Amino acid sequence: MTVFGKILVFMIMLLSVATGAMIVYVLTTRANWKAAYDDMKVKAEAAEVAYKKEKSAHDNDLKAIADTNSSKTTELETLKQQFTALQAQLAAKDKEIADAKATSVTDTTLVQKFESEMKQLREERDVMAKDNFKLQQELANQIIKTNAEKKLFVEAKLEAETLKSKLGNVSRELGDLQQRYNELETRSVFAGGASGTLSSSVLNPPAKPAPLNVSGKVVEVGTASSGLAVVSIGSDSGLSIGNVLIVYRDDLYLGELTLTQVEPKFSAGKFSPARSRYILQKGDPVTTGFSKGR
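The following refers to the structure shown. (Residues numbered from 1 in each chain as written. Predicted model: local features only at pLDDT ≥ 70, side-chain atom pairs only at ≥ 80, totals over all residues. Heavy atoms only, no water.)

Things to note about the pairing of strand β4 (residues 252-262)
What counts, and what does not: We treat two strands as partners when DSSP finds at least two bridges between them. The numbering of helices and of strands both runs from the N terminus, where a helix is a DSSP run of H or I of at least 4 residues and a strand a run of E of at least 2.
Examined bridge by bridge, strand β3 (residues 244-249) and β4 share 6 bridges and lie antiparallel to one another. Bridge pairing in β4 links R249 to L252. Linking β3 to β4, which pair antiparallel, is a turn of 2 residues; within it D250 sits at a positive phi near 60°. Relative to strand β5 (residues 267-273), β4 runs antiparallel, the two being bridged by 7 bridges. What sits directly across from L259, in β5, is G269. The hairpin formed by β4 and β5 contains 4 residues between the paired strands.

The structure is reproduced here in structure tokens:
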């Protein structure tokens, strides 16, 4: 065997060892991603069940609060009507007394009766006024409670959307890893000779996951066709290229922003709307996700 042949055999042996090492690496990474995917799927399903249960309880609470508010409002209107009727009766009694005095009625018993009735009507009016004030306070407390329930509902909805988004990202990354594994598995050890190269995505691992509870805002928006946008957070906040941010507005989930450029104080990326009619605007909040302790 010539020296060139020996060198060629040695190069093929090195390539075989390198390919075997890469296959072992991909198999190990695939197993880890599969476990992470299964765990994230279980968490997402549990979060969805909890979210539906919380939403059902919240809807029942809102219905009960609405029924209570309606009852209190009806009761308040009834009291107002009764109060108006008492005012009319009081005015009528005042007129009767005035008429009696004008016609020089000297019957003291009748005057005392009128005054007693007037006193009773005034007391009833005062009681009605107190009840009216109490009902107004109860109605205000119900409104405050309703607003607090709405806030909790919005936070639960955003957390559920975050988990769904994470599950989708893990599923996509697992699919990419499966495809790379299949390519390595079907490649012959001697295919391509010394010129064979491995995928750059295997040599370059995925971006480091972004930390949770990192929030910012959209500061610049490109054209609707480009979908490009700039946000107010960057590598100083732990972000890196490839990270996916959640974009929302109030309690509406708008979509995802995949980062393609990261600087210390800002980042740029491409927006993928959850629905085609959603349009990104300046000032829209973005976040890396919410932890359960939020």
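As for the sheet that holds β3
The strands making up a sheet associate through backbone hydrogen bonding, with each pair oriented either parallel or antiparallel. Quick reminder of the rule: Fitted lines through C-alpha atoms give the axes, limited to the stretch in contact for helices. The angle between two N-to-C directions lies from 0 to 180 degrees.
On the basis of which strands lie adjacent, the closed barrel formed by 6 strands has the order β1-β2-β5-β4-β3-β6 and antiparallel pairing. When strand polarity is set aside, the average angle formed by the axes of neighbouring strands in this sheet is 45°.

Brief notes about the side chain of T288
So the rule is basically this: Between N or O atoms, a polar contact is any pair within 3.5 Å; within protein, one atom must be a potential hydrogen donor and the other a potential acceptor, and residues adjacent in sequence are included only when both atoms are from side chains.
By the secondary structure assignment, T288 is in the segment after β6 (285-287). A polar contact is formed between the side chain of T288 and the backbone oxygen of P211, at a distance of 2.4 Å.

Topic: the nonpolar core
So the rule is basically this: Only buried Ala, Val, Leu, Ile, Met, Phe, Trp, Tyr and Cys residues count toward a nonpolar core, and they belong to the same one when joined by side-chain atoms within 4.5 Å. Burial here depends on accessible area, computed with a 1.4 Å probe over protein chains only, as a share of the maximum for the residue type. Under 20% is buried, over 50% is exposed, and the range in between is partly exposed. Two residues form a contact once any of their heavy atoms are found within 4.5 Å.
By size, the foremost hydrophobic cluster in this structure holds 16 residues, and its most contacted members are V231, I233, L245, V247, L257 and V286. If you list the elements that add at least two residues to this core, you get β2 (228-231), β3 and β4. Take this core: its biggest share by element is 4 residues, from β4. Ignoring anything within four residues of it in the chain, the contact list for I233 reads V214, S215, G216, L239, L245, K265, F266, S267 and V286. Within the second largest apolar cluster, 10 residues are counted, among which are L79, F114, M118 and L135.

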